[in-house]
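The chain contents come next:
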Amino acid sequence: KTTELPEHLKAYKNVWVFVELEHGRVHPVSWELLTEGRKLADALGVDLCGVVLGPKAEGTDQAIAEAFHYSANRVYAVEDPLLAEYRNEPYTKAMTDLVNKHKPEILMLGATTLGRDLAGAVATTLQTGLTADCTELAIDADKSLAATRPTFGGSLLCTIMTRAARPQMSTVRPRVMAMGDPDRSRSGEVVRESLGMVEDEIVTKVLDFIPDSDTNQAQLAYADIVVAGGMGLQRPENIQLVIDLAQVLGAEYGCSRPLVQKGWMTADRQIGQTGKTIRPRLYIAAGISGAIQHRVGSEGADQILAINSDPNAPIFDFAHHGIIGDALEILPALTEAFRKRLSVDRLAG
Amino acid sequence: MSQGPNMVVCIKQVPDSAQISVHPVTNTIMRQGVPTIINPYDLFALEAALRLRDQLGGKVTVLTMGPPMAVSALRKALGHGADEAILLSDRFFAGADTLATSYALTSAIQKLDSQHPVDLVFTGKQTIDGDTAQVGPGIARRMGLNQLTYVSAIPSIDLEAREICVHRRAEGGVQVLKTKLPCLITMLEASNEMRRGSLPDVLRSERAEIITWNAEAAGVEDLGKCGMKGSPTKVSKVFAPQPRAEKAKMIKADDGSPASLATAAIETMLAEDAGLLKVMAPQSTSA
Ligand SMILES: Cc1cc2nc3c(=O)[nH]c(=O)nc-3n(C[C@H](O)[C@H](O)[C@H](O)COP(=O)(O)OP(=O)(O)OC[C@H]3O[C@@H](n4cnc5c(N)ncnc54)[C@H](O)[C@@H]3O)c2cc1C
Ligand SMILES: Cc1cc2nc3c(=O)[nH]c(=O)nc-3n(C[C@H](O)[C@H](O)[C@H](O)COP(=O)(O)OP(=O)(O)OC[C@H]3O[C@@H](n4cnc5c(N)ncnc54)[C@H](O)[C@@H]3O)c2cc1C
């Protein structure tokens, strides 16, 4: 009974992506999802649509225009001052109203704190299936969404289907999917709906927002180059070797989980399943064994250089290049060699 | 004497994943002999509730849905100082996804609420096995509770005015939110440190009565919304990740010195992606 799509749900059509707009800025995971959504929409032969929620003045126009550049055919927009700061109540209402009215078959959201908060509430309200943190999305033979996600820390993958409910919902973590190139000439149709809520109906109030720039939060997920250290660094003061190299490269720096647990680095710098997923052009991992939980957060890097004293370390199974050696010697040597290489390059260019 | 908050903390028993391995041939999880623990994220929720009780009085009930062996998680929670424990267990609950899990848990919390109004429901941020972070929002939605996820601190609570103020981890910053009780809080990791149970609590936990409810006792109205039957998501296959075809190419240098290895590594990396030089933007130091 739970594997057949009931008749009244057969009208659900099109692939939707939630465009996460906050404080005038779109979270790039939205463009990653539109890129992925394009493939799903093409496989189904349906439209790709973006959903933009926010106050009119603060960037909704720009977000709508950009959704078209990232290949949306249509954008559903609810523009209301009550959507200025993220709050669950008005966002859940806006999204569930849109879904009930326009009936998408697939709805994707970024697995950010905002996206997960919203997705869980929306899926429960709509009584539909929600697959968390997908790493692969595909359309199967009966046109259902096959959503694949890691289980048990990535040692296995499982494919989850929502055959008898609509929309089929999924979240995807930032940087798990690749972002396509925008086509600035593209445009499309905008469908505007109203929120139908007044401030008095919303119980939760935002008293303040303390931005991270004030507290030096790391921006690992979107860094071009990341340098990270693991337990092979041996002592907390050796973290400086990682920071030195990162500084010469203008890179972000991060670590494996035990360093966070020991208090050597802050949690926002942890790379892996329970930390950040990174997708840099270059990832340098020093003294990191390459446990599965670390691997799932870092193997999307274009190029990985691993430094490890153990030639059998699992990290060499997924790194592109390896140096077998002592990270405490190799890191300062790399810093020095890069410094020289870069100054030569700057003199030349 | 004013009455303290009535709190429910949802905890899940999970396999200690640090000790789990995958059978190399059959691709199944080898659970035999793997110890079970309270989902580590739930300890932050339990501690947050215990701190409010220290401060204001009231009651902390721990609730889990799971097989009969999940009582050991409840006993551990009692050992940490929870007042009462409820095990929600029935074969109808088996195979639940997050939608069906939040349905069953909500039935039990609503039953508690009918006996004595519940002010706060706590869950962990997520579990280490299912790892979806969806059950908290599911319960909040079903019960119509104000939903506060990723909470790192609870600076104030006013039981008279029925108001609570929390810090919530958001994208790019921290939101300071004020809302009304009752509400559901999912607690962020590292937001506190679980206390050691006192000796009397630990002793009590070994003998304490664990209230056990099946679907009927919990007041579940629609068995069709429970377990496998009530779960819109279905696992269609489980498989091992594709290993990368090639292993890392090892960097070699004639003298094997760190300096030559470093130089060789840089040339190798730039040969693969010459554009890297452009994104290398050293923090301006006088060089
Ligand atoms: C639920 C769960 C979630 C987890 N989430 C994460 C996560 O998000 N991110 C994460 O990273 N981990 C995570 N882990 C932990 C993970 O399983 C590993 O324990 C962890 O990644 C190991 O860190 P490490 O490689 O730094 O340390 P180790 O495993 O101790 O490895 C140290 C490495 O350094 C090498 N080494 C030693 N000395 C030197 C030297 N002088 N020079 C060079 N190399 C040297 C050793 O050969 C070894 O390979 C998680 C675990 C669990 C159970
Ligand atoms: C590998 C794997 C993948 C899965 N993927 C999905 C999926 O994508 N979508 C889906 O809907 N279901 C999924 N499930 C099913 C899901 O794990 C179960 O529904 C589970 O009962 C609760 O979800 P969770 O473990 O993700 O909890 P989370 O939502 O991560 O848990 C949040 C909090 O809710 C509370 N909580 C959760 N479960 C219980 C419980 N049984 N008793 C008391 N409190 C609890 C805890 O406080 C916990 O910290 C998956 C299960 C597995 C094993």
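Cut-offs and rules
Residues numbered from 1 in each chain as written. Chains lettered and ligands numbered in written order. Predicted model: local features only at pLDDT ≥ 70, side-chain atom pairs only at ≥ 80, totals over all residues. Heavy atoms only, no water. Near = heavy atom within 4 Å. Polar contact = N/O pair within 3.5 Å; in protein donor to acceptor, adjacent residues only side chain to side chain. Areas by Shrake-Rupley, 256 points an atom, 1.4 Å probe, with all protein chains shown as cover. Helix = DSSP H or I, 4+ residues; strand = E, 2+ residues; numbered from the N terminus. Nonpolar A, V, L, I, M, F, W, Y, C, P; charged D, E, K, R; others polar. Axes fitted to C-alpha atoms, helices over the stretch in contact; angles between N-to-C directions. Parallel < 35°, antiparallel > 145°, perpendicular 65-115°, else oblique. Left-handed = near helix turned anticlockwise from the far one by under 90°. Contact = heavy atoms within 4.5 Å. Salt bridge = Lys/Arg side-chain N within 4 Å of Asp/Glu carboxyl O. Buried < 20%, exposed > 50% of the residue type's maximum accessible area, 1.4 Å probe, protein only.

Draft legend 1. Examining the site of ligand 2 more closely. In the vicinity of ligand 2 there are 31 residues, among which R149 of chain A together with K12, D42, T98 and T132 of chain B approach most closely. Each of chains A and B places residues near ligand 2. Measuring from a nitrogen atom of ligand 2, one finds a backbone N or O atom of M65 of chain B at 3.0 Å. T132 of chain B has a polar side-chain atom sitting 2.6 Å from an oxygen atom of ligand 2. Taken by itself ligand 2 offers 920 Å² of open surface, and the protein chains cover 91% of this. Looking at the shell around ligand 2, the elements that each hand over two or more residues are β7 (130-131) and β9 (145-151) of chain A together with β6 (59-65), α3 (98-115) and β8 (120-124) of chain B. When the residues that make up the shell around ligand 2 are grouped by side-chain class, the tally is 11 nonpolar, 14 polar and six charged.

Draft legend 2. Representation of the packing of helix α2 (residues 71-80) of chain B against helix α5 (residues 199-207) of chain B within the structure. Residue and element names in this part refer to chain B. The geometry of α2 relative to α5 is characterised by a closest axis approach of 7 Å and an angle of 155° between their N-to-C directions. Considering their axes alone, α2 and α5 lie roughly antiparallel with respect to each other. The hand of the α2/α5 crossing is right-handed. In this structure, α2 uses R75, L78 and G79 to contact α5, whose residues at the interface are D201, V202, R204, S205, E206 and R207. In the contact of α2 with α5, the residues fall into two nonpolar, two polar and five charged.

Draft legend 3. Examining the pattern of salt bridges more closely. If you walk through the whole model with that rule in mind, you get 34 salt bridges over all chains. Across the salt bridge formed by R235 of chain A and E237 of chain A, the nearest N and O atoms sit 2.9 Å from each other. You can call E237 of chain A partly exposed: its relative accessible area is 48%. Where R204 of chain B meets D201 of chain B, a salt bridge forms, and the shortest distance between an N and an O atom there is 3.6 Å.

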